[in-house]
Amino acid sequence: MIRLHDKLFEPFIAASEIEEAVGRMVEEVKADFKDETPIFICVLNGAFMFASDFLKRYDQPCEVSFVKLSSYRGFSSTGIVETLLDPPEDIEGKSVIILEDIIDTGNTVKELVAMFSEFKVKQFKIASMFYKPDVYSGEYNIDYVGIKIPNRFIVGYGLDYDELGRNLPEVYQIKEKDMINLVLFGKPGAGKGTQANFLKEKYNLKHISTGDVFRYNIKNGTELGTLAKSYIDKGELVPDEVTIKMLNAEVENSTEAEGFIFDGFPRTKAQAKALDDLMESKGMKIHATIALEADDEVLIERLLERGKVSGRSDDQDKEKIKKRFAEYNEKTAPVLSYYEEQGKLHRVNGVGEIEDITKRLTGVIDSIHQNQSV
Ligand code: 5GP
């Protein structure tokens, strides 16, 4: 295990495995270019080590040059690719082979394709040491791929985390903290808020209630809050991307938390997938989904009682309550089945004394903790 800046990383791909993959790629390219003198273009900075290893083994005539592009800041692609060093001008009529370190969203590839389409090159190929097929959304088919990896943030073998780690001869991935990340579901009145308060104290979790996050961002006029409000004002749904960005900010600002309770999100399968992606990009995951369950009749009684005290009009009207329940059933069922398929869904009986329900919940969480340390 190694530490770079504030993060821990664990070994992921051994140097020998990388060497083997590079050897294979060299053979593939050699076979395709045996009668030619291609020009290899190394994409700086990250591809320097791959390019060096690749070219040392490439024992046929070739030229070598460099371009420099940049799109990453910290952990995620900014989506904007800057050109810091242009391609050489004398490449017309030549066969160009790009040597890339890693292909993630495909923004850089798109930029490279556009950049080289301005020259009349004979052939254009891309060879990438690492490739994240789950994240790649480009149209260009990568010609030579070294090692396919899942959506993880990796360092080493030329790749950095804020400039550290490029010199490592093997690849590391972010170490998953021993966290507990939960998604809490429950109909209105199921006691989600009450139970989340207990759980966050007991396990040092951060309770991320999407409703609160929205209200906070809008009230404080943050960039994302203002953006969200522009949709709400038009009577439109806030796009998932915006919500995910807000949740991302909450997660990044909670470095002390030992896990998260997501509440009010996800509400659709697409959102559940987006949340998984967010977690995975941070070396984290959702461990369990807890559905606090109670019969509608019990919940209606509870809400009517609550309505008498709070004065909330939507808690005083039985028909309105039933409508909210129907909406919950309709919207939540596919999300629950998404988690059920992953074996992460825990249905917890939400009827009884508050402490008894807490005990049932902590039972679920403790069993996850135990499984983690095995
Ligand atoms: P894309 O434009 O395909 O989204 O991203 C490509 C660039 O992002 C790469 O050249 C690399 O600099 C950076 N990148 C993508 N994924 C990772 C990763 O897992 N670790 C590191 N250190 N950089 C990455």
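Here the structure is shown first, and the text comes after it.
Conventions adopted
- Residues numbered from 1 in each chain as written.
- Predicted model: local features only at pLDDT ≥ 70, side-chain atom pairs only at ≥ 80, totals over all residues.
- Heavy atoms only, no water.
- Helix = DSSP H or I, 4+ residues; strand = E, 2+ residues; numbered from the N terminus.
- Buried < 20%, exposed > 50% of the residue type's maximum accessible area, 1.4 Å probe, protein only.
- Contact = heavy atoms within 4.5 Å.
- Areas by Shrake-Rupley, 256 points an atom, 1.4 Å probe, with all protein chains shown as cover.
- Pairing = 2+ DSSP bridges.
- Near = heavy atom within 4 Å.
- Polar contact = N/O pair within 3.5 Å; in protein donor to acceptor, adjacent residues only side chain to side chain.
- Nonpolar A, V, L, I, M, F, W, Y, C, P; charged D, E, K, R; others polar.
- Phe/Tyr/Trp six-rings, centres within 6.5 Å; stacked < 30°, edge-to-face > 60°.
- Lys NZ or Arg CZ within 6 Å of the ring centre and 35° of its normal.
- Axes fitted to C-alpha atoms, helices over the stretch in contact; angles between N-to-C directions.
- Parallel < 35°, antiparallel > 145°, perpendicular 65-115°, else oblique.
- Left-handed = near helix turned anticlockwise from the far one by under 90°.

A. The overall build of the protein chain, seen in detail. From N to C terminus, the protein chain includes 11 helices and 15 strands. Here the protein chain holds 374 residues, and 46% of them are scored as buried. Restricting to contacts in the protein chain with at least 6 residues of sequence separation, those with at least 24 account for 71%. Of the roughly 19200 Å² of accessible surface on the protein chain, 49% is carried by carbon and sulfur atoms.

B. Main features of the sheet that holds strand E1 (residues 2-4). Strands sit in the order E1-E2-E10-E9 across an open sheet of 4 strands; the sheet is antiparallel. Each having just a single partner strand, E1 and strand E9 (154-155) make up the two edges of the open sheet. Note that E9 and strand E10 (residues 171-174) share 2 bridges and pair antiparallel. By the bridge assignment for E10, Ile154 is matched with Gln173.

C. Main features of the site of the ligand. Residues in close proximity to the ligand total 18 residues, the closest being Thr105, Thr108, Lys132, Ile154 and Asp160. Residue Asp101 places a side-chain N or O atom 3.0 Å away from an oxygen atom belonging to the ligand. Within the backbone of Ile154, an N or O atom sits 2.7 Å from a nitrogen atom of the ligand. For the ligand, the accessible surface in isolation is 510 Å², of which the surrounding protein chains cover 92%. Elements with a minimum of two residues in the shell around the ligand: strand E4 (63-73), strand E6 (95-103) and helix H3 (107-117). With 4 residues, the single largest contributor to the shell around the ligand is E6. The residue makeup of the shell around the ligand, split by class, is 6 nonpolar, 6 polar and 6 charged.

D. Representation of the packing of aromatic side chains. In total, this model carries 14 aromatic pairs according to the counting rule given. Ring centres 6.4 Å apart and planes at 85 degrees place the aromatic pair Phe130 and Tyr157 in the edge-to-face group. Of this pair, Phe130 sits in strand E7 (residues 123-131) while Tyr157 sits in the loop between E9 and E10; the two residues are 27 residues apart in sequence, bridging distant segments of the chain. For Phe130, a relative accessible area of 1% translates into the label buried. Plain terms: the ring middles of Tyr338 and Tyr339 are 5.2 Å apart, the flat faces sit at 90 degrees to each other, and that makes the pair edge-to-face. Taking relative accessible area as the criterion, Tyr339 reaches 0% and is therefore assigned buried. What links up through ring pairs into an aromatic cluster is the set Phe40, Phe50, Phe54 and Tyr58. Lying across the ring of Phe325, Lys187 places its NZ or CZ 5.3 Å from the centre. Above the plane of the ring of Tyr231 lies Lys234, whose end atom (NZ or CZ) is 5.1 Å from the centre.

E. Fine view of the packing of helix H5 (residues 210-219) against helix H7 (residues 240-252). At a closest axis distance of 11 Å, the pairing of H5 and H7 adopts a crossing angle of 90 degrees. Judged on the interaxial angle alone, H7 and H5 are roughly perpendicular. Facing H5, whose interface residues are Thr210, Val213, Phe214 and Asn217, H7 presents Thr243, Met246 and Glu250. Here the residues of the contact of H5 with H7 sort into 3 nonpolar, 3 polar and 1 charged.

F. Main features of the side chain of Thr358. Relative to the helices and strands, Thr358 resides in helix H11 (residues 354-373). Setting aside chain neighbours within four positions, we find Thr358 in contact with Gln195 and Phe198.

G. View of the packing of helix H9 (residues 296-310) against helix H10 (residues 318-341). Where H9 meets H10, the closest approach of the two axes is 11 Å, and the angle between their N-to-C directions is 130 degrees. Classified by the angle between their axes, H9 and H10 sit oblique to one another. Classified by chirality, the crossing of H10 by H9 is right-handed. Taken together, the residues of H10 that come into contact with H9 (itself represented by Asp296, Leu299, Ile300, Leu303, Leu304 and Arg306) are Lys318, Ile321, Lys322, Arg324 and Phe325. For the contact of H9 with H10, the residue count by class is 6 nonpolar, no polar and 5 charged.

H. Up close: the pairing of strand E13 (residues 259-263). Counting buried positions over the 5 residues of E13 gives 5, a clear majority of the element. Both faces of E13 are covered, namely the face carrying Gly259, Ile261 and Asp263 and the face carrying Phe260 and Phe262.

I. The arrangement of the sheet that holds strand E11 (residues 180-186) in detail. Spatial ordering of the open sheet is given by E12-E13-E11-E14-E15, a layout of 5 strands whose pairing is parallel. Sheet topology places strand E12 (206-209) and strand E15 (345-349) at the edges, where each strand pairs with a single neighbour. In this sheet, adjacent strand axes meet at a mean angle of 25 degrees when their direction is disregarded. Sheet topology note: the E11/strand E14 (residues 288-293) ladder contains 5 bridges and is parallel.

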